[in-house]
Amino acid sequence: MLEQAFVGTRKYYGLLAGLGFLIALGALGYYQQLTTGLGITGMGRDVSWGFYIAQFTYLVGVAASAVMVVLPLYLHNYKAFARIAILGEFLAVAAVTMCLLFIVADLGRPDRLFNIIKYPTPGSVLFWDMVVLNGYLILNIVIGWNVLEAERNDTKYKPWVKYLIYVSIPWAVSIHTVTAFLYAGLPGRGFWLTAVMAPRFLASAFAAGPSLLILLCLLVRAFTKFDPGREQIQTLAKVVTYAILVNIFLFFCEIFTVFYSQIPEHMMHFKYLFVGLEGKGQLVPFMWFSMVGMIVAALAMVVPKVRENENTLAWACGLIILTTYIDKGLGLISAGFIPNPLEHITEYWPTGLEAMITLGIWATGFFILTVLYKIAVSIKEEVRA
Amino acid sequence: MGINRREFLRLAGLSTLLGLGGKTAFELLAPGQLEAQQYVPEPGAFKAKRWAMVVDMRKLDEKTAHKCINACHLTHNVPDIANPVNPAAAVSPEEQVRFRIKWLWKEDFHNAFPGDEHDNLQEKLHHMKFLVLCNHCDNPPCVRVCPTKATFRRPDGMVMMDMHRCIGCRYCMAACPFGARSFNWRDPRPYIKEVNLNYPTREIGVVEKCTFCDERLSKGQMPACVEASGGALIFGDLGDPKSKVRDQLRTYFTLRRKAHLGTYPQVYYIV
Amino acid sequence: MDHNGNYKNEFGWFADKPKVPKKLFNFKAVFIGVVIFVVLVTSPLWKNLGQIIPGPDPQLNTAAIMKLPEKDRTCVESKEYMRANHMLLLGEWRDEVVRDANRDYVNSKGKKYLASLSNNCMECHSNKSQFCDQCHNYVAVVPNCWGCHWEKEKEKKQVAQSEAK
């Protein structure tokens, strides 16, 4: 099957070359970071996690959302999704790879990366995150590959694959739960200290991930002879609709608890995000755009006419991806550190180099995604030909 | 099958030995192991069941506080990012804040004890500079989250850093409710004007913090800040009812930072 | 436009298929690849072919060692043991000192030493570039001790130089 990755049109190679260029730029930036230290980022002693960890968190959600295709197909026997399950699984592979790369990019001493395995510490959530992320990556590669190969050979996949698929369903939930637990169990960080962190992570993930998948399906249809199918896209759209509504609901649950209890340690971070503190509030416009945009998109998705028209659907999905990205990828991590536990306010904004490295990792993910989708789509075309 | 009875017994015996003896068997077989070698604490090392510190703010004026900080930072080669050895290494004021390394430092009352201030505080509290440091908590969240046990709690209560093992994930910095941990965002050496050749520096990419001067205690010396404080900092063993720290805690009302979080800080403040 | 799976688009760019070779194995390409690989991997051998590179010759004649009476001029363990295992021993020292507060090492003969690279080993072996670096360079290993632990000799020289100015 791999041979399909090496034969393509000039546009295919052009896309890969473009991504390769961005990867090279990112690698250059990373070399700079390796030699002079993480000081090249905008992080500091007060905001000690930044853009990298935020991307990681967002992408764990994208990866986990593959379950929204896998679960209806294998547990409810919703046959329509057989057509696009591979797209979901390969998206998960690319997303988890990016997650792992972002973690490595964030480490001060990547040369000692394997200390996590050399001195395993089950008491640390980060140890479990390493376990579930790597496990999920392997599961999706093995499952996706086997199912696709079976489809190509016009046979049924081997029986043991079925068990792996069953394992992969709760596993998908676990990766985002464990990631939420990274933040939700820290005594001094009022912003993150909430039991709805994991549910909210899952809700926003199941909105953002399938939104991205819808856009990818539309792209695949526009640029290849393989059509993921209208029904499939419509079912995904319904998943997105419910998930984004739950996400907004959980956000207001959080707002209620924080502002009705009036506990300052919890309130001050929300105040920083939405009105600013002591004149510092560079995220304020972003957060308002994110929340208003998310609500607008959710309401739009509820209207059948908007959802059923693939043009408006694409716009709504794009808006959901953007607004959840601002919420999770920009606000969530830095606001946990602002104000710091001593109530000093130091703001954070990623530097150019940091953005370049980040872009390089995204490009790596899309490089993998392009190659995997190329393989999947070529085989789908071949089977249908 | 090419295996006779004798060979089978030999193999069986060997595998039992490896199985039962496990580690010992491997060590016997491993070359270069010496039998009699062992490790012991230095003679005269201070020992305790539970180290703790009392900061007596009545005796701690700003000058003394500076003396303590200087003593600590000189002893441990803590870089001063604002004062590079070579002016070429100077960084912007904004970067000085971001890159700063703190083992022992000063905070105002409302930063050291957020939530405990009110509008009509005793006048002197507005001017007091509280010395803050790692609290060497009894239930340290930094230790709980560390994925490599690079930070760990010693039986005598000291929360230690193993700079050789730290991978620089900074999870401990997110977990610490006291901001007591600093990360090496860049090479610290260009920012250490006066060096103590008997104590190492750190490298790029690891986290560091106060260690209650474990290297001094093991030589039978009090922590550097305690020695420089002229009695304003009291250090000792909470497990010993006759110790000076126990006496202070018995006699005076003391505060701990963010006690409600359940980390059980072991630095106490007399105001 | 039929959306139910039979959509066709002639502008497809994943789609317009060049011939897919049945096998990936192309003898000529693989052979050239293997040759390039072998040459690259063995390039250090070719580069150093015919050159005589002198072996390391660490010296034990530092002032601190020469000051000692002849019979006390021994390391914490035998020369053979140290030559083979000094890195393991230092790793053990590191863990014992940092993690268990055991700062003294009792050697196989029962003699006690301070378990410290900078404050004990390097007091005698103060000739780091001669004693440590020479061998490490020869076998191409880069121990990262010196990122944190001071090279005292070098630092003292620098201080002396700056004071002389």
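Residues numbered from 1 in each chain as written. Chains lettered and ligands numbered in written order. Predicted model: local features only at pLDDT ≥ 70, side-chain atom pairs only at ≥ 80, totals over all residues. Heavy atoms only, no water.

Visitor: Please give an account of the overall build of chain B that cites residues and values.
Guide: Looking only at helices and strands, chain B has 11 helices and 10 strands in total. Among the 271 residues that make up chain B, the fraction classed as buried is 54%. Across chain B, contacts joining residues at least 24 apart in sequence account for 68% of those joining residues at least 6 apart. As displayed, chain B has an accessible area near 12,700 Å², and 55% of this comes from carbon and sulfur atoms. (Helix = DSSP H or I, 4+ residues; strand = E, 2+ residues; numbered from the N terminus. Buried < 20%, exposed > 50% of the residue type's maximum accessible area, 1.4 Å probe, protein only. Contact = heavy atoms within 4.5 Å. Areas by Shrake-Rupley, 256 points an atom, 1.4 Å probe, with all protein chains shown as cover.)

Visitor: Would you mind going over the overall build of chain A in detail, with residue names and values included?
Guide: On a plain count of helices and strands, chain A comes out with 14 helices and zero strands. Secondary structure of chain A in N-to-C order comes out as α-α-α-α-α-α-α-α-α-α-α-α-α-α. Taken over C-alpha atoms, the radius of gyration comes to 21 Å for chain A, in line with the 21 Å a tight globule of 385 residues would show. Overall, the C-alpha framework of chain A stretches about 65 × 50 × 40 Å when taken along its three principal axes. Sorting the 385 residues of chain A into buried and exposed places 62% on the buried side. Pairs at least 24 residues apart make up 78% of the contacts formed inside chain A by residues separated by at least 6 positions. Only carbon and sulfur atoms are counted for the fraction: they give 73% of the accessible area of chain A, which is about 14,600 Å². When the 26 basic and 22 acidic side-chain charges of chain A are each reduced to a single mean position, those positions are 6 Å apart. (Rg over C-alpha atoms; globule rule 2.2 N^0.38 Å. Lys, Arg positive; Asp, Glu negative; His and termini not counted. Charge placed at Lys NZ, Arg CZ, Asp CG, Glu CD.)

Visitor: An account of the packing of helix α4 (residues 85-106) of chain A against helix α14 (residues 352-384) of chain A is requested, with residue identities and associated values reported.
Guide: Residue and element names in this part refer to chain A. Across the interface, α4 lies against α14 with an axial gap of 9 Å and an inter-helix angle of 160 degrees. In terms of orientation, α4 and α14 fall into the roughly antiparallel class. The hand of the α4/α14 crossing is right-handed. Every residue of α14 that contacts α4 at I86, L87, G88, F90, L91, V93, A94, T97, M98, L101, F102 and A105 is listed here: T358, I361, W362, T364, G365, I368, L369, L372, Y373, A376 and K380. Its residues assigned to classes, the contact of α4 with α14 shows 17 nonpolar, five polar and one charged. (Axes fitted to C-alpha atoms, helices over the stretch in contact; angles between N-to-C directions. Parallel < 35°, antiparallel > 145°, perpendicular 65-115°, else oblique. Left-handed = near helix turned anticlockwise from the far one by under 90°. Nonpolar A, V, L, I, M, F, W, Y, C, P; charged D, E, K, R; others polar.)

Visitor: Give me the lowdown on unusual backbone geometry, citing residues and values where you can.
Guide: Residues A:I338 and A:P339 are joined by a peptide bond in cis, for which omega reads -5 degrees. With respect to the helices, strands and loops of the structure, A:P339 is situated in the loop between α13 (310-337) and α14. Backbone geometry at C:A101 places phi at a positive 60 degrees, although glycine is not the residue there. Mapped onto the elements of the fold, C:A101 is located in the loop between α3 (79-100) and β1 (104-106).

Visitor: Describe the environment of B:C169, naming the residues involved and giving the relevant values.
Guide: Here B:C169 is to be found in the loop between β6 (159-161) and α8 (171-175). Residue B:C169 is classed as buried on the basis of its relative accessible area of 10%. A C-alpha to C-alpha distance of 15 Å links B:C169 and B:P141, two positions 28 residues apart in sequence. Once residues lying within four places of it in the same chain are set aside, the contact partners of B:C169 are A:W49, A:D106, A:L107, A:L126 and B:P147.

Visitor: So what's going on with the interface of chain B and chain A? Which residues, and what values?
Guide: Facing 47 residues of chain B, the contacting portion of chain A comprises 42 residues. In this structure, the connection of chain B to chain A is made through two salt bridges. For the salt bridge of A:D106 with B:R170, the shortest nitrogen-to-oxygen distance reads 2.6 Å. Where chain B packs against chain A, one counts 31 residue pairs in polar contact (both at pLDDT 80 or more). At the level of elements, α4 (93-99), β3 (104-107), α7 (141-145), α8 and β7 (182-183) of chain B are the ones that each hand at least two residues to the side of chain B that touches chain A. Of all the elements, α8(B) adds the most residues to the side of chain B that touches chain A, at four residues. Tallied by class, the residues present in the side of chain B that touches chain A amount to 25 nonpolar, nine polar and 13 charged. (Salt bridge = Lys/Arg side-chain N within 4 Å of Asp/Glu carboxyl O. Polar contact = N/O pair within 3.5 Å; in protein donor to acceptor, adjacent residues only side chain to side chain.)

Visitor: Describe the sheet that holds strand β2 (residues 51-56) of chain B, naming the residues involved and giving the relevant values.
Guide: All names here are of chain B. Across the sheet, which stays open at both edges, the three strands sit in the order β9-β2-β10 with mixed pairing between neighbours. Of all the strands in the sheet, the pair left with one neighbour each is β9 (233-237) and β10 (267-270). The average undirected angle you get between the axes of adjacent strands in this sheet is 20 degrees. (Pairing = 2+ DSSP bridges.)

Visitor: Break down the packing of aromatic side chains for me, with residues and values.
Guide: Residues and elements named next belong to chain A. Counted under the stated rule, the structure contains 32 aromatic pairs over all chains. Ring geometry for F251 versus F274: centroids 6.1 Å apart, planes at 50 degrees, classification tilted. Within this pair, whereas F251 is found in helix α9 (residues 230-261), its partner F274 is found in helix α10 (residues 264-274), the two being separated by 23 residues in sequence. Judged by centre distance (6.2 Å) and plane angle (20 degrees), the rings of W362 and F366 are stacked. Of the two residues, W362 and F366 both sit in helix α14, four residues apart, roughly one turn of that helix. You can call F366 partly exposed: its relative accessible area is 28%. (Phe/Tyr/Trp six-rings, centres within 6.5 Å; stacked < 30°, edge-to-face > 60°.)

Visitor: Got a sec to walk through the environment of A:L215? Specific residues and values, please.
Guide: All names here are of chain A. Within the secondary structure, L215 sits in helix α8 (residues 197-223). The exposure class assigned to L215 is partly exposed, which follows from its relative accessible area of 24%. Each C-alpha atom, one on L215 and one on L113, is 35 Å from the other, the two residues being 102 residues apart in sequence. When sequence neighbours within four positions are dropped, the list of residues in contact with L215 reads A314, C317, G318 and I321.

Visitor: Tell me about the pairing of β9(B), and name the residues and values.
Guide: All names here are of chain B. Taken across its five residues, β9 has five buried, putting it largely inside the fold. The sheet contact formed by β2 and β9 spans five bridges and is antiparallel. Across the sheet, residue W51 finds its bridge partner in β9, namely D237.

Visitor: Which residues make up the state of the cysteines, and what are the values?
Guide: This model, assessed by the stated rule, comprises zero disulfides over all chains. Left without a disulfide partner, B:C213 is nearest to the cysteine sulfur of B:C225, which lies 6.0 Å away. (Disulfide = S-S within 2.5 Å.)

Visitor: A description of the pairing of strand β4 (residues 130-133) of chain B should follow, citing residues and the corresponding values.
Guide: Residues and elements named next belong to chain B. Side-chain alternation along β4 places F130 and V132 on one buried face and L131 and L133 on a second face that is also buried. Pairing of β3 with β4, which is carried by four bridges, proceeds in the antiparallel orientation. Following the sheet pairing, E107 is matched in β4 by F130.

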